[in-house]
Structures are given as structure tokens and as C-alpha cells.
Amino acid sequence: MNRERILLEHGGGGLLSHELVTEVFLPFFKNACLERLEDSAVVTLGDRKFCFTTDSYVIDPIFFPGGDIGSLAVHGTINDLSVCGGIPLMLSAGFILEEGFPMEDLKRITRSMAEAAKTAGVSIVTGDTKVVARGAADGLFINTSGIGRIEYPSPLSVESIQPGDAILVSGTIGDHGATVLCKRKELGLISEIRSDSAPLNGLVASILAASPNIHCMRDPTRGGLGAILAEIAGQSGLSLSIREAELPVREEVRGVCEILGFDPFFLANEGKVAIFCAAPDAERILDVLRNHEYGRDARIIGSVGERDGGGLILQTIIGGSRVVDLPLGELVPRIC
Amino acid sequence: MNEERRRIRLLFSGIVQGVGFRPAIYRIATEQNLGGFVLNSPAGVVVEIEGPAGQVEGFLPAFLDNLPPAAEIADVSQEDISLRGERTFQIRSSREEGDKDVLISPDLSVCENCLQELKDPQDRRYGYPFINCTDCGPRLTIIRDVPYDRGNTSMACFPLCPQCRSEYQNPADRRFHAEPNACPLCGPKLWMTDENGIPLADGPPDPVKEARNLLLEGKILAIKGLGGFHLAVDATNEEAVQRLRTRKYREEKPLAVMVDHLDAAKRIAEIGPAEERLLLSPQRPIVLCRKKLSGGIAPSVAPGVPDQGIMLPYTPLHALLLEGNFPPLVMTSGNRVDEPICQQNREALFRLKRIADFFLLHNRDILVRCDDSVAAVTKGNTVMIRRSRGYAPRPIPLHRTYPDILALGPQMKATLCILKGNQAYLSPHIGDMETPEAREFHSESRNLMERIASCRPEVLACDLHPAYYTTRLAEELPHREIFRVQHHHAHIVSAMAENGLSEKVIGLAMDGTGYGTDGTVWGCEFLLSDEGEFQRVGHLEPYPLPGSDKAVREPWRVAASLLRESYGQEWPNIAGRLSLQDYAPHFDLLNSMMDFGINSPLASSLGRVFDAVAALLGIRHTVSYEGQAAMELEAMANVPYEKHYPFLLRYEDGRTLLDLRPLIHVLVQERIYGIDPHKIASRFHVSLVKALTAMAGDIRERTGVGKAVLSGGCFQNRILLKGVIQALEKEGFAVYTHRHLPPNDGCIALGQAVIAATRLERNGS
Ligand SMILES: [Fe+3]
Ligand SMILES: [Mg+2]
Ligand SMILES: [Zn+2]
Ligand SMILES: [Zn+2]
């Protein structure tokens with residue numbers, strides 16, 4: 001593969017994204033905080049801990065069942081803060097608009113951002129707007145950053161994961177990815193699928209209150225649950241064992257994936273969290289999750305094995321096991 | 001009569017250990033009253049001979065005339081050394097140090113002499129399932145390290161009893177230095193357990209008899225063999241075979257059977273002289289033979305395919321299990337779906353727990369896994385399908401010397417290869433690199449092959465596909481340099497290397513799928529190749545594979561794609577008139593996927609065209625194992641046919657492009673008119689032969705190259721292979737095919753290694 005230039009796969013959340021970060025950005029930006037490659041940076045100011053994150057949204061289509069680019073930009077940043085144990089305090093919003101973008105659409109998106117922020121109990125306190133010439137961008141791009149306060153006593157990070165930990169997911173996987181696929185204007189796919197885009201700060205706060213033994217959380221966005229688990233297996237050197245039969249997937253999502261040849265395990269989520277916790281607390285956390293509106297379909301999906309570099313292992317429905325490698329990015333077919 | 005005396009030192013390398021080499025040397029030396037010694041060293045077998053000059057002179061020719069059957073000398077050197085006055089000849093213990101240039105022998109099937117003793121009630125090894133001698137028995141699968149000495153094998157923990165020891169030490173005995181020598185008193189033991197690994201307490205004392213009874217009752221047994229476990233069941237018991245399939249999640253993939261003797265094989269399949277030779281050869285592969293309808297084998301053993309895989313007993317245990325008129329046994333690799341074969345007792349008890357009803361175990365450890373080899377016969381020649389037990393790790397001789405290379409192989413049907421000097425060391429079959437067990441097996445095999453080849457190459461070769469496990473592994477392993485090799489170039493160069501070709505050839509790589517240099521999926525490629533570089537001079541016009549991997553498991557998708565290529569947006573109407581109509585609700589979406597390139601990579605694969613035609617004919621719309629649709633299409637093509645379908649060749653950008661749209665048009669028309677599908681399948685094969693030959697001819701005209709090299713999984717199709725060879729030869733091509741390796745991805749590692757070595761030389765490093 002030609003790696004002389006940026007490919008679409010470099011943004012796909014797979015192996016090439018990982019290479020871009022570790023071989024281009026990290027060597028230049030070099031600092032301990034960034035090197036942890038968590039969803040947010042954790043910084044200590046005085047005697048208090050805060051987390052800080054940023055994310056850009058460039059999706060097509062910008063309106064989809066269950067949300068739009070605006071609510072997504074707010075939820076995404078709230079969720080990045082939440083999975084680091086942060087209580088979201090405030091957000092910024094930056095807009096890059098293409099000349100000719102309909103004002104009506106901009107208003108609709110802005111309204112949905114405001115509603116999303118209000119529902120989650122955070123405010124957008126600063127912003128920026130740039131307009132670029134027709135063709136220099138596709139409609140609009142949004143960047144959001146956010147700051148959260150951390151009160152959870154133990155550090156939530158890949159380094160805290162222990163052999164024997166239980167692995168949970170807060171609900172069905174692949175809903176957002178499948179929704180976006182169906183709504184791409186080319187695919188005349190009629191389907192009832194909705195994005196799972198949602199703010200997770202409330203859900204996360206309730207499980208953090210329920211157990212002091214949560215070790216790590218991630219929101220499985222780009223690349224899906226499969227990519228973040230493979231990445232964690234790689235970073236930690238721990239083997240992760242996931243039971244395929246336990247992965248919650250909506251029937252409609254499974255149906256769409258069936259035809260398109262996609263695996264929900266690798267499709268994006270925007271309102272889900274993967275949780276690593278001490279095994280004895282798993283059931284209690286599961287109960288708390290299931291009592292929350294965004295966690296009704298939560299499941300214990302697997303466990304953490306030894307520190308033997310075994311990678312991510314899927315126990316398949318038919319009784320075998322398969323190693324799941326970090327995907328390269330969407331466009332390289334696995335066949336051959 | 002005081003004749004002049006002389007002393008010489010001989011060094012033999014090749015397959016010279018564990019094959020009765022030293023006893024043979026000893027016998028001839030003592031017969032001729034020569035002094036000196038023989039010993040195994042890591043560099044080979046060292047012999048020093050002293051005696052009257054004339055007799056010393058005659059020693060080597062006399063020995064070469066009496067070479068033990070399994071030995072294979074790669075090289076022998078001779079030098080004169082000073083006299084020591086030795087009058088007697090002895091066998092010395094092995095030397096450990098030095099270069100390890102000695103090849104480990106593959107495992108050898110039980111020999112006639114041992115079989116006779118096994119079945120002789122007077123013999124002390126009567127009924128002993130671990131009987132062996134210097135001509136037969138386990139080799140590769142019991143070694144821990146080289147040189148091949150009892151202390152370096154899993155027999156080390158069985159001290160010889162006095163009688164076995166005297167055989168082992170007596171140069172006149174046929175068990176002289178038979179490293180796995182054993183008897184019921186001192187050797188490994190057999191026992192039977194229930195599904196939980198608890199030894200059976202109430203059964204008769206003879207576990208073999210017990211096993212036979214259970215098999216006759218239709219029970220599934222896990223049997224520890226030479227290179228791993230088998231799952232065995234009565235092949236004539238349909239209900240039992242189905243039960244095995246359900247438990248193993250192996251719904252339709254053909255299962256091999258083992259029969260007691262050649263006559264039993266002839267009852268279930270057509271056995272020609274070439275098949276007979278293969279079945280009886282000491283390698284004892286599974287041989288694919290055309291089934292007889294009335295053979296009595298249960299229908300679900302090998303449903304839908306023309307061949308039955310058959311093998312003869314190759315261990316004394318097998319011989320005892322099948323003795324007399326015992327029914328043929330299904331003997332399939334003891335593994336869970338997609339995993340490599342089980343090796344150890346505890347591993348088998350765990351992994352096969354829900355599959356086997358009983359376990360027949362023993363305490364001779366298997367140190368190296370080795371699956372059964374599979375072969376077929378086309379035009380009187382052997383075509384390997386899987387090269388493993390009986391063949392590996394025997395190196396493949398090459399026509400020249402190459403730098404040291406480690407090639408990590410492909411993703412599926414993987415083997416790995418070490419190139420050293422003028423030898424290529426290929427590992428036993430490893431399998432598909434998707435499971436943790438296969439990856440562990442890959443790393444075991446790498447260590448083993450490095451010890452056998454006694455080198456640790458720092459230059460690595462791997463596939464071009466960035467997502468292959470073996471590609472990522474190459475990046476992780478310590479290396480000086482990595483060469484990434486295009487899949488089909490590797491196919492062609494492996495066949496070239498086996499035939500000693502280094503000049504430019506036209507390579508016909510007819511395959512399932514491989515990653516191309518342009519990022520598309522290749523698989524019907526004409527490559528103008530030498531050992532280091534290639535030029536893509538012809539291929540099938542690419543078509544989309546809607547659903548990517550899914551299209552491999554669901555040939556109806558490929559059929560839809562080819563219809564769309566041929567009929568444009570009209571295709572759903574055409575598809576609706578064929579058996580594809582069941583999928584009509586998905587046509588719109590499939591069409592959009594292809595129109596907008598969503599998960600629909602472009603492919604020029606020929607394997608997928610076979611699948612698609614099988615789907616167009618209604619033979620099979622989805623497959624449960626790779627190659628199933630193509631095999632069933634081949635089975636259907638059994639009427640003689642001369643006239644081919646139309647096709648087009650186009651010339652563009654230095655390439656000859658094959659357009660199969662006219663073929664699809666006529667084929668579909670015939671199908672709609674209700675022409676016999678056997679005729680259509682036959683005509684399709686004839687047409688491909690014609691098209692491939694026409695393309696080769698076109699390319700020869702442009703390039704002046706007249707040597708054609710055939711490789712790729714599609715050449716497992718015997719009609720295609722035979723047809724293409726005949727047609728190309730008729731056109732005056734010199735045609736070359738694989739001689740030792742399979743045409744499928746089992747050959748890739750060798751091609752990768754030779755290409756990497758050649759590029760390394762050309763870079764001048
Ligand atoms: Fe191939
Ligand atoms: Mg993010
Ligand atoms: Zn023997
Ligand atoms: Zn003994």
C-alpha cells in the first residue's frame with residue numbers, strides 16, 4: 001500500500017489511523033499526557049484533576065435518524081470526557097462552513113446542539129466560525145472541545161486493567177454506523193434503524209457511584225467495539241476474550257450488515273461505553289446500567305486474560321476461537 | 001600379501017538420520033572386514049573406513065547399491081586421512097557441536113516386516129501398537145532437537161528393556177539404532193478414556209478391541225496418532241457420520257476415510273495404477289479418487305463432490321484398528337472448526353470434549369504437529385493438495401544457491417519456508433492464520449524449521465496484503481530487511497523454482513483471491529515473470545464483489561455481479577428468470593452497493609467465476625467451505641464437449657484483457673432454454689481452457705516467451721488443469737506445473753522466499 005500520502009483509511013480508526021498517530025503526531029508532540037492515547041487528556045491543576053478533549057465531525061449525511069451532526073458533536077465530546085471519569089463542565093464549538101450552505105440547516109443544527117447540551121447539563125461557552133470557498137469543504141464541519149472535572153479516586157486508563165477483569169458493553173453495537181450507511185443517499189435502504197447518539201455522562205456517573213473498582217472505559221466510536229478492544233489488547237499486552245454470542249446486536253442492524261457484508265463489531269457507536277471492571281463488581285454494574293435509559297441492553301461480553309500478548313480473541317458462536325486484528329480501516333477488503 | 005592400506009573419511013548429508021543409515025554402513029563395513037567408525041554429527045553422517053586400499057575403494061559404491069529405502073543423499077564428500085591401525089568397525093555416539101546440516105526424516109509408514117510381527121501371535125510385539133524399526137515409524141513428530149538420537153526425541157523417557165537394548169545395539173538387527181524402538185515391556189502404552197478423560201475401568205483390557213467395538217456401535221472416537229489426533233467414526237454409518245458433522249460444525253466439507261487394504265479402497269473408488277502407487281507409498285497421503293456409487297460409504301461423508309479421499313493405515317495402531325474386514329473409518333483431523341490439529345492429550349481432552357465420545361490415548365508425546373497430506377492424480381502425475389505428513393520437512397532441491405531467507409507465507413493454507421543454500425525447507429501445513437492456535441503453531445513451526453535448517457534468516461519475505469497476519473508478523477519480528485511479494489507472483493515463482501526455471505516465463509495464476517499491486521483483488525493473472533520481478537501482461541476484466549468476504553461465502557452475489565456486467569441495469573430481470581430469484585428482495589441494494597462501490601472491491605478472480613457459474617446453474621448459491629461450489633461444478637462437467645462459448649480478448653495498456661460477457665450471455669440463454677446443466681458445465685470448462693490458451697498465445701506473440709508456468713488454486717480442478725496443459729502443449733508451449741507443492745496457497749511461502757532472495761541479490765546486498 002502506498003503510504004506516501006494520506007489515504008482515507010488513515011481516518012478510519014484502524015491500523016492506519018493508529019500509525020498516523022504513533023508515527024507522525026506523537027514524535028512531534030511528545031509528552032506523557034498525549035502518549036497515553038486515551039480519549040481525553042487528564043491534567044492536574046492545583047489539587048484537582050480535570051480532563052480535556054477535542055473532536056471534529058465531518059460526517060455524511062449531516063442529518064440522520066436519531067440525530068444530526070450537531071447533537072453528535074455535543075454527545076461525542078461529552079462521552080469522551082465521561083469515559084475518562086470526567087463530569088463535563090463546558091464545551092467549545094468551532095464551525096467550518098462551505099460557501100452556499102443553507103442557513104436553515106445551520107439553524108437546525110445549532111438548535112439541536114443547544115438541546116443536546118441542555119439535556120446533558122453542560123453549556124457551550126466559546127466558539128469560532130470560518131467560511132471557506134465552495135468546494136474547499138463539504139457542507140459543514142464542526143469541532144467541539146470540552147473540559148470535565150474528575151472526582152473518581154482511582155485512575156481510569158488502559159494501565160489500570162487487570163487480568164481477570166470483566167468486560168461489559170452498555171448496549172447494542174453498530175447502530176450509529178449502520179444508520180449512517182443506510183442514509184447515504186446512494187443506498188435506497190428502507191430501515192427502522194436509528195443512531196444511538198446520546199450523552200453518557202449520567203449513565204457513567206451512576207456506575208462510577210456504584211463501584212470503586214472500575215478500571216477503564218472507552219466509547220467505541222470509529223472502528224466500532226472491535227477496533228477499540230483490539231487497540232486495548234495491543235496497548236496493554238493483555239489477551240481479551242470476547243464471547244461472540246453475548247454481543248448485543250439489533251435484529252435490523254444484523255439484517256443490514258448481513259446484506260452489505262459488514263460486521264457490527266466494527267461499526268461506529270455514538271452512545272455506548274465499554275467497561276473494564278473487577279469481576280466481582282460486574283453484576284452490580286450491569287444492574288445499574290440496565291436501570292438507566294441508555295443502558296437497557298447492557299451485557300457482560302467477556303473477560304481479560306493473561307498478559308501474554310494474545311490479542312483480542314473472539315469465542316465464536318460455533319465453538320471455535322478467532323483472533324481479531326486491529327482493522328486497517330474501512331476500505332481494504334479482508335478477502336484474499 | 002602385504003597390500004597397501006588406506007583410510008578415508010566420508011561425510012554424508014541429506015536425509016541420512018533415522019532411516020537406517022548407520023546400520024547399513026556397519027553391515028557393509030563388517031562384511032568386508034574394514035576398520036573404522038560411523039557417527040551421527042550435526043553436519044551429517046561421518047564415516048571413517050580403514051583397510052586394504054582396494055576394499056576401501058569399493059566401499060562407497062557397495063554402500064550406494066544398498067542404500068536404505070528412506071535415505072536420500074544430498075551430498076557426499078570424501079578425503080584421505082592418515083592411518084590409525086583400526087581393524088574393527090564401530091558405531092560411535094553422536095557429536096553435538098558444529099553446523100547442523102542434517103535433515104530430519106519425515107515420518108514413515110509402518111513397514112511390511114513390522115506388520116508381520118505385529119500380526120504374529122508368537123512375536124513378542126504381537127499386537128503392540130508402537131512397533132517400528134529403522135525402516136519405519138515416527139521421525140519428525142517426535143523430535144525435540146537435531147541430531148536425531150533417542151535422547152532428542154519424546155522416546156527419551158522410555159528406558160529400553162534389556163531385550164530392546166540388545167536389538168538397538170546389535171548392528172545385525174533391523175532395529176539397530178531404531179531410535180523409537182520399544183516393546184510392550186518398556187515402551188509407550190495405549191489406553192482408553194471416556195469423554196471426560198477418565199480411563200475406562202470396566203471394559204476389556206485391550207483398548208484396541210474396545211475401540212473397535214465402540215466404533216462398530218457408531219461412537220465417535222478421538223484417536224491419538226502420529227502428528228496429532230483424528231476423529232474417527234464408522235464411514236458406513238450415516239447417522240454416526242452426521243452426528244460427527246453436527247458436533248464438529250463441519251456441515252459439508254468432504255471427510256477422508258481410512259481402509260485396511262488396497263482391495264477395500266477399490267471397492268469404494270476408481271483406483272488407477274498411479275493412485276495405487278500413491279496409496280501404498282511410504283508417505284501414505286490421503287488420495288482423492290473418483291467415487292464409486294455403490295461403494296457403501298455413507299452419503300454425508302463427501303456430499304456433492306466427485307472424489308473420495310482415501311488413505312491406508314500408516315501406523316501399527318491404524319493397522320490394528322482396521323484389521324480384518326473392519327468397515328472403512330472416517331478419519332478427520334481432530335480439531336475444532338478452523339483450528340489446527342490437536343497435539344497433546346490434555347489439549348485434545350479439552351478441545352475435543354464435546355465432539356468425541358471416547359478417547360484412545362497414549363503416552364508417546366507428539367512434539368511436532370503434522371496433518372495428513374492430501375494428493376490427487378491428473379494425467380498420471382501427482383498433484384499435491386496439502387503437503388505435510390510423510391513429505392515435510394524433506395527439503396525441496398533447487399537448481400542454484402540462494403541467500404538465507406525466511407518466508408512467512410500467506411493467510412490461508414499457510415506454510416512457511418526457509419531458503420538456505422540450494423534447498424527450500426517448507427514447514428508442515430499450518431492452516432488458516434485466523435485462530436490463536438494456528439498462530440501459535442506458526443511460531444512453533446518457525447522455531448522448528450530454523451533448527452532443522454540450522455539458520456535464523458534476518459531477511460524476511462511476506463505477502464503484499466497489509467492485513468495478513470503474516471505481513472504484520474514480519475514487521476514485528478527482528479529483521480534486516482522485509483520483501484513484500486505479490487501473491488500471484490509468488491504462485492508462479494514457486495512453480496518455477498520447483499522446475500529449475502529462472503528465465504522469463506508466462507505465468508498463468510488461476511486462483512481465488514490475492515492482493516494486487518493496484519489494491520484490487522487479483523486471481524486470473526498472466527504474469528510475465530522471472531525470479532525477482534513480474535509484469536502483469538493479461539487478466540480477466542475486473543468485476544465488483546458485492547459484500548467483499550461475504551461474496552466468497554455467497555456465490556449468488558458474484559453471479560449477480562457478472563449478470564450486471566453482462567446485461568447492465570437489466571440484470572435483475574435476467575436473474576429473476578434463473579434460480580437466483582430467491583434473492584430478488586436484495587437485488588436493489590446489491591445493485592446500489594456495486595454502483596457506488598460500497599464494500600464492493602474490484603476483482604479479477606477466476607475462482608469466483610467458477611462459484612458464480614455454479615450459482616447461475618442453480619447448483620449452489622451459498623457455500624459452507626472454500627471451493628465447494630467450484631468442486632460441485634467440476635463434478636457436473638462430466639459429458640464430453642467440444643464447442644466453446646464465445647469470449648472476447650482486448651488489448652489495452654500492454655495487457656491482454658479477457659472479457660467473459662459473451663460467455664455469460666450464451667450460458668444464461670442456454671440455462672433459460674433448459675439445456676442440461678451437465679452440458680453447460682462441461683462447455684464452461686472447455687471455454688475457459690480455450691480462453692486461457694488464446695490469451696497465452698496472444699501474449700507469446702507480443703513477448704516471444706514460450707514457456708508457460710501454471711499455478712493457483714483453480715488448477716486443483718482436474719478438468720481445467722488437464723485441458724490447459726494439453727491445449728498449451730498443442731500450441732507448442734513448454735508447460736510447467738508444480739512437482740512437490742500444491743498449486744494452492746500451500747506453495748506461496750516458497751515463491752515468496754525465492755523472490756526475496758533474488759531481489760536481495762539484485763540489490764547487491
Ligand atoms: Fe492463491
Ligand atoms: Mg473521540
Ligand atoms: Zn518397520
Ligand atoms: Zn522393550
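Values in this document were obtained by computation on a predicted structure and should not be read as measured data.

A. Quick peek at the nonpolar core. Ranked by size, the top nonpolar core spans 188 residues in total, and within it A:Leu225, A:Leu229, B:Leu508, B:Phe526, B:Leu563 and B:Phe684 carry the most contacts. Residues within four places of B:Phe684 in sequence aside, it is in contact with B:Val609, B:Phe610, B:Val613, B:Leu633, B:Tyr645, B:Leu663 and B:Leu667. Listed in part, the 41 residues of the second largest apolar core include B:Ile268, B:Ile355, B:Leu361 and B:Tyr391.

B. Broad picture of the coordination of the magnesium ion (ligand 2). Residue and element names in this part refer to chain A. The protein atoms that coordinate the magnesium ion (ligand 2) are Asp55 (OD) and Asp80 (OD), at distances of 2.3 to 2.4 Å. Of the two residues, aspartate 55 is situated in strand β2 (residues 48-57) and aspartate 80 in helix α3 (residues 69-82); the sequence distance between them amounts to 25 residues. The buried category is assigned to aspartate 80, whose relative accessible area is 5%.

C. Structural view of the sheet that holds strand β4 (residues 72-81) of chain B. Residue and element names in this part refer to chain B. Spatially, five strands are ordered β4-β1-β3-β2-β5 in an open sheet, and the strand pairing comes out mixed. Each edge of the open sheet carries a strand with a single partner, namely β4 and β5 (89-91). Neighbour-to-neighbour, the strand axes of the sheet open up by a mean angle of 15°, direction not taken into account. Note that strand β2 (residues 35-41) and strand β3 (residues 44-52) share seven bridges and pair antiparallel. Residue pairing across strands places glycine 35 opposite glutamate 50, the latter belonging to β3. The sheet contacts of helix α2 (residues 53-65) involve β1 (5-15), β3 and β4, and relative to β3 the element is tilted by about 145°.

D. Spotlight on the confidence of the model for chain B. Looking at chain B, the pLDDT average stands at 92 and 98% of residues meet or exceed 70. Quick note on the complex model: pTM equals 0.90, ipTM equals 0.88.

E. Broad picture of empty space enclosed by the protein. Residue and element names in this part refer to chain B. A complete count under the given rule lists three cavities of 30 Å³ or more for this structure. The space that makes up the largest cavity amounts to roughly 130 Å³. Around the largest cavity sit 16 residues that line it, and Pro129, Leu226, Thr315, Pro316 and Arg364 are the ones nearest its centre. Split by residue class, the lining of the largest cavity holds ten nonpolar, four polar and two charged. Each pocket or cavity is described by its volume, and for the second largest cavity that value is around 70 Å³. Forming the walls of the second largest cavity are 14 residues, and the residues nearest its centre are Gly18, Gly20, Phe21, Arg22 and His177. Counting residues per element, the lining of the second largest cavity draws most heavily on helix α1 (residues 21-31), at three residues.

F. Main features of the UniProt feature "domain: PurM-like N-terminal" (unreviewed entry) in chain A. Here, UniProt's "domain: PurM-like N-terminal" (unreviewed entry) annotation points to residues 38-150 of chain A. Summarising residues 38-150 of chain A: 28% helix, 47% strand, and an end-to-end C-alpha distance of 15 Å.

G. View of the sheet that holds strand β11 (residues 307-311) of chain B. Residue and element names in this part refer to chain B. Across the sheet, which stays open at both edges, the ten strands sit in the order β6-β13-β7-β8-β12-β9-β11-β10-β14-β15 with mixed pairing between neighbours. Only two strands of the sheet have a single partner each, and these edge strands are β6 (190-194) and β15 (381-386). Two elements, strand β7 (residues 221-224) and strand β8 (residues 229-234), share four bridges in a ladder whose sense is antiparallel. Within the sheet, the bridge partner assigned to lysine 224 lies in β8 and is phenylalanine 229. The sheet contacts of helix α22 (residues 718-730) involve β10 (286-290), β11, β14 (374-378) and β15, and relative to β14 the element is tilted by about 45°.

H. How the structure looks around the interface of chain B and chain A. Between chain B and chain A, the residue contacts involve 35 residues of the former and 29 residues of the latter. For the pair chain B and chain A, the interface holds two salt bridges. For A:Glu258, the salt bridge is made with B:Lys550, and the minimal N-O distance between the two is 3.5 Å. Our enumeration of links across chain B and chain A arrives at eight residue pairs in polar contact (both at pLDDT 80 or more). Sorting the residues of the side of chain B that touches chain A by element identifies α11 (436-452), β20 (505-515), α14 (549-553) and α17 (587-596) of chain B as the ones contributing at least two each. When residues in the side of chain B that touches chain A are grouped by element, the largest group, four residues, is from α17(B).

I. The domain arrangement of chain B, seen in detail. As assigned here, chain B comprises domain 1 (5-102), domain 2 (190-375), domain 3 (393-499 + 744-763) and domain 4 (522-528 + 537-736). Put simply, the middle of domain 1 of chain B and the middle of domain 2 of chain B, counted by C-alpha atoms, are 41 Å apart.

J. Summary view of the coordination of the zinc ion (ligand 4). Bound to the zinc ion (ligand 4) are the protein donor atoms B:Cys161 (SG), B:Cys164 (SG), B:Cys183 (SG) and B:Cys186 (SG), situated 2.2 to 2.3 Å from the metal. Each of the four donor atoms around the zinc ion (ligand 4) contributes to a set of angles spanning 103 to 117°, which defines the coordination as tetrahedral.

K. Examining the environment of B:Asp676 more closely. Residues and elements named next belong to chain B. Examined against the element boundaries, aspartate 676 turns out to sit in the loop between α20 (661-672) and α21 (677-703). Under the relative-accessibility criterion, aspartate 676 is labelled partly exposed at 34%. It is 9.7 Å that separates the C-alpha atoms of aspartate 676 and leucine 617, two residues lying 59 residues apart in sequence. Only 3.0 Å separates the side chain of aspartate 676 from the backbone nitrogen of histidine 678, close enough to count as a polar contact.

L. Highlighting the layout of surface pockets. What the second largest pocket holds in volume is close to 1000 Å³. Taken together, 34 residues make up the lining of the second largest pocket; nearest its centre are A:Gly309, A:Gly310, A:Gly311, A:Val323 and B:Arg439. Listing elements by their share of the lining of the second largest pocket, those giving two or more residues are α1 (15-29), α7 (224-236), β13 (312-315) and β14 (321-324) of chain A together with α10 (345-351), α11 and α12 (469-476) of chain B. Broken down by element, the lining of the second largest pocket gets its largest block of residues, six residues, from α11(B). The class makeup of the residues in the lining of the second largest pocket is twelve nonpolar, ten polar and twelve charged.

M. A look at the pattern of salt bridges. Residue and element names in this part refer to chain B. Following the criterion strictly, the structure yields 58 salt bridges over all chains and no others. One salt bridge in this structure joins glutamate 57 and arginine 6, with 2.7 Å as the shortest N-O distance. With a gap of 51 residues between them, glutamate 57 in helix α2 and arginine 6 in strand β1 connect regions that are remote in the sequence. Measuring nitrogen to oxygen at the nearest pair gives 3.0 Å for the salt bridge that ties aspartate 611 to arginine 608. You can see aspartate 611 and its partner arginine 608 sitting in helix α18 (residues 606-616), three residues apart, about one turn around the helix. Across the pair, exposure class does not vary: aspartate 611 and arginine 608 are buried alike.

N. Quick peek at the pairing of β10(B). Residues and elements named next belong to chain B. As paired strands, β10 and β14 are joined by three bridges and run parallel to one another. Directly across from valine 287, in β14, lies its bridge partner alanine 375. Here four bridges tie β10 to β11, and the two strands are oriented antiparallel to one another. Paired with cysteine 289 across the bridge in β11 is glutamine 308.

O. The arrangement of the packing of aromatic side chains in detail. The tally for this structure, following the rule as stated, stands at 13 aromatic pairs over all chains. Ring centres of B:Phe12 and B:Phe21 lie 5.1 Å apart, and the angle between their planes is 70°; on these two criteria the pair is classed as edge-to-face. On the accessibility criterion, B:Phe12 (0% relative accessible area) is buried. A residue is classified by how much of its surface remains accessible, and B:Phe21, at 1% relative accessible area, is buried. Look at B:Phe21 and B:Phe63: their rings are 5.0 Å apart centre to centre, the planes differ by 75°, and that puts the pair in the edge-to-face class. Here B:Phe63 lies in helix α2 and B:Phe21 lies in helix α1, a separation of 42 residues in the sequence. Connected via pairs of aromatic rings, a cluster forms that spans B:Phe12, B:Phe21, B:Phe59 and B:Phe63. When the ring centre of A:Phe63 is taken as reference, the NZ or CZ atom of A:Arg108 above it lies at 3.7 Å.

P. Representation of the domain arrangement of chain A. All names here are of chain A. One can read the domain layout of chain A as domain 1 (40-150) and domain 2 (158-324). If you average the C-alpha positions of domain 1 and of domain 2, the two centres end up 23 Å apart. For the pair domain 1 and domain 2, the two sides together bury roughly 1700 Å², of which 60% comes from carbon and sulfur. Of all residues in domain 1, the largest losses of buried area upon contact with domain 2 belong to Pro65, Asn79 and Val83, amounting jointly to 32% of the total for that side. Between domain 1 and domain 2 we count zero salt bridges in total. Looking at the side of domain 1 that touches domain 2, the element that brings in the most residues is α3, giving eight residues. Classifying every residue of the side of domain 1 that touches domain 2 gives eight nonpolar, seven polar and two charged.

Scoring rules and cut-offs
Residues numbered from 1 in each chain as written. Chains lettered and ligands numbered in written order. Predicted model: local features only at pLDDT ≥ 70, side-chain atom pairs only at ≥ 80, totals over all residues. Heavy atoms only, no water. Core = buried A, V, L, I, M, F, W, Y, C linked by side-chain atoms within 4.5 Å. Buried < 20%, exposed > 50% of the residue type's maximum accessible area, 1.4 Å probe, protein only. Contact = heavy atoms within 4.5 Å. Donors = N, O, S within 2.8 Å, 3.2 Å for Na, K, Ca; no water. Helix = DSSP H or I, 4+ residues; strand = E, 2+ residues; numbered from the N terminus. Pairing = 2+ DSSP bridges. Axes fitted to C-alpha atoms, helices over the stretch in contact; angles between N-to-C directions. pLDDT = per-residue confidence, 0-100. 1 Å grid on protein atoms, 1.4 Å probe; cavity = no way out; pocket = protein on both sides within 12 Å on 5 of 7 lines; lining within 4 Å. Points joined across faces, edges and corners; volume = space filled by probe spheres on them. Nonpolar A, V, L, I, M, F, W, Y, C, P; charged D, E, K, R; others polar. UniProt positions renumbered as here; feature names shortened; annotations may be inferred. Salt bridge = Lys/Arg side-chain N within 4 Å of Asp/Glu carboxyl O. Polar contact = N/O pair within 3.5 Å; in protein donor to acceptor, adjacent residues only side chain to side chain. Domains from an automatic or database assignment. Tetrahedral: all angles 85-135°; square planar, octahedral: opposite > 155°, others 65-115°. Phe/Tyr/Trp six-rings, centres within 6.5 Å; stacked < 30°, edge-to-face > 60°. Lys NZ or Arg CZ within 6 Å of the ring centre and 35° of its normal. Buried area = accessible area lost by both parts, 1.4 Å probe.

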